[in-house]
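Reading the structure
Each chain is listed here by its residues.
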Amino acid sequence: DQQVKQNSPSLSVQEGRISILNCDYTNSMFDYFLWYKKYPAEGPTFLISISSIKDKNEDGRFTVFLNKSAKHLSLHIVPSQPGDSAVYFCAASEPYSGGGADGLTFGKGTHLIIQP
Amino acid sequence: DTAVSQTPKYLVTQMGNDKSIKCEQNLGHDTMYWYKQDSKKFLKIMFSYNNKELIINETVPNRFSPKSPDKAHLNLHINSLELGDSAVYFCASSHFNRGVYGYTFGSGTRLTVV
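First, a word on what this report is: a plain description of the structure on this page.

Definitions and cut-offs
- Residues numbered from 1 in each chain as written.
- Chains lettered and ligands numbered in written order.
- Predicted model: local features only at pLDDT ≥ 70, side-chain atom pairs only at ≥ 80, totals over all residues.
- Heavy atoms only, no water.
- Buried < 20%, exposed > 50% of the residue type's maximum accessible area, 1.4 Å probe, protein only.
- Helix = DSSP H or I, 4+ residues; strand = E, 2+ residues; numbered from the N terminus.
- Pairing = 2+ DSSP bridges.
- Disulfide = S-S within 2.5 Å.
- Contact = heavy atoms within 4.5 Å.
- Salt bridge = Lys/Arg side-chain N within 4 Å of Asp/Glu carboxyl O.
- Polar contact = N/O pair within 3.5 Å; in protein donor to acceptor, adjacent residues only side chain to side chain.
- Axes fitted to C-alpha atoms, helices over the stretch in contact; angles between N-to-C directions.
- Phe/Tyr/Trp six-rings, centres within 6.5 Å; stacked < 30°, edge-to-face > 60°.

Quick notes on the pairing of strand β11 (residues 109–113) of chain B
Residue and element names in this part refer to chain B. Only one face of β11 is buried: it carries T109, L111 and V113, and the other face, with R110 and T112, is open. As defined by bridge partners, strand β2 (residues 10–13) adjoins β11 across four bridges and the pair is classed as parallel. Bridge pairing in β11 links Y10 to R110. Taken together, the three bridges between strand β9 (residues 87–97) and β11 define a ladder with antiparallel strand orientation. Residue pairing across strands places Y89 opposite T109, the latter belonging to β11.

Quick notes on the state of the cysteines
According to the stated counting rule, one finds two disulfides over all chains in the structure shown. Linked covalently through their sulfurs, A:C23 and A:C90 form a disulfide whose S-S length is 2.0 Å. With the S-S dihedral at roughly -75°, the linkage between A:C23 and A:C90 falls on the left-handed side. In this pair, A:C23 is assigned in strand β3 (residues 19–25) and A:C90 in strand β9 (residues 86–93), connecting sequence segments 67 residues apart. Since its relative accessible area comes to 0%, A:C23 is described here as buried. Here B:C23 connects covalently by a disulfide to B:C91, the sulfurs 1.8 Å from one another. Judged by the sign of its S-S torsion, about -75°, the cystine formed by B:C23 and B:C91 is left-handed. Taken as a pair, B:C23 in strand β3 (residues 19–25) and B:C91 in strand β9 lie far apart in primary sequence, 68 residues in all.

Section: the interface of chain A and chain B
At the junction of the two partners, chain A supplies 26 residues and chain B supplies 23 residues. The interface formed by chain A and chain B includes zero salt bridges. Taken together, chain A and chain B are joined by three residue pairs in polar contact (both at pLDDT 80 or more). Of all the elements in the fold, those that place two or more residues in the side of chain A that touches chain B are β4 (32–38) and β9 of chain A. With four residues, β4(A) is the single largest residue contributor to the side of chain A that touches chain B.

What about the sheet that holds strand β7 (residues 64–67) of chain B?
Residues and elements named next belong to chain B. Judged by pairing direction, the sheet is antiparallel, and its four strands sit side by side in the order β1-β3-β8-β7 without closing on themselves. Among the strands making up the open sheet, the edge pair consists of β1 (4–7) and β7. Mean inter-strand twist for the sheet, computed between neighbouring axes without regard to direction, equals 20°. Sheet analysis places β7 next to strand β8 (residues 75–78), joined by four bridges and oriented antiparallel. Opposite S65, over in β8, you have H77 as the bridge partner.

Things to note about the packing of aromatic side chains
Two aromatic rings, taken as a pair, are described by how far apart their centres are and by the angle between their planes. Taken as a whole and judged by the stated rule, the model has 13 aromatic pairs over all chains. With 5.7 Å between their ring centres and 70° between their planes, A:F106 and B:F105 make a pair best called edge-to-face. Separated into two different chains, A:F106 in strand β10 (residues 105–106) and B:F105 in strand β10 (residues 100–105) make up a pair that spans both. Across this residue pair, the class does not change: A:F106 and B:F105 are buried. Ring plane angle 35° and centroid distance 5.3 Å describe the contact between B:Y33 and B:Y103, whose orientation is recorded as tilted.

Right, here's the structure in full:
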């Protein structure tokens, strides 16, 4: 049972245009969401996150939007650059318990390809 | 200065062997994890370890055991390796401060069981 879903395995965007990566979740207990970027043979690197008390968070070219009622979030990258080509993972977390944590639940990832 | 480092990066071993993967973080984070990325590229949590409290994903076979000598280290021991254990294993650490989570991943260990 996938609690975090990224339904687009891949996405191709022209350089300079906007890239929009989508993510849906089913667990209403999730209250924190993160996007990670991953290159081959490397670990996931943190991009941007958003708490469930917000609906938007922006950091440079990256903006994450959260629609709690639809259980949907999206990552916007604008303008897209060749170095953005990578696999992007959406991840979610339940409230921090203060003790042992359940960790992140990941989607399967979307392979973003930026075309020159 | 690597924040979360794991060794080795590649590990090839025969079925039935016992092996360990080491992980160290220098971020002062209070929770460490092991994740497995399988052949379908799905990243799934295996263990989390915080203040000597271990939370185990119930789907993880008991051949896998985490060992934490101190707060900065969480090693993964695997006994009686099977072909299906072949995957990439990622160590991670996290902290929680003022409503913000910080998760940092290591670069992964590609385990191949032959």
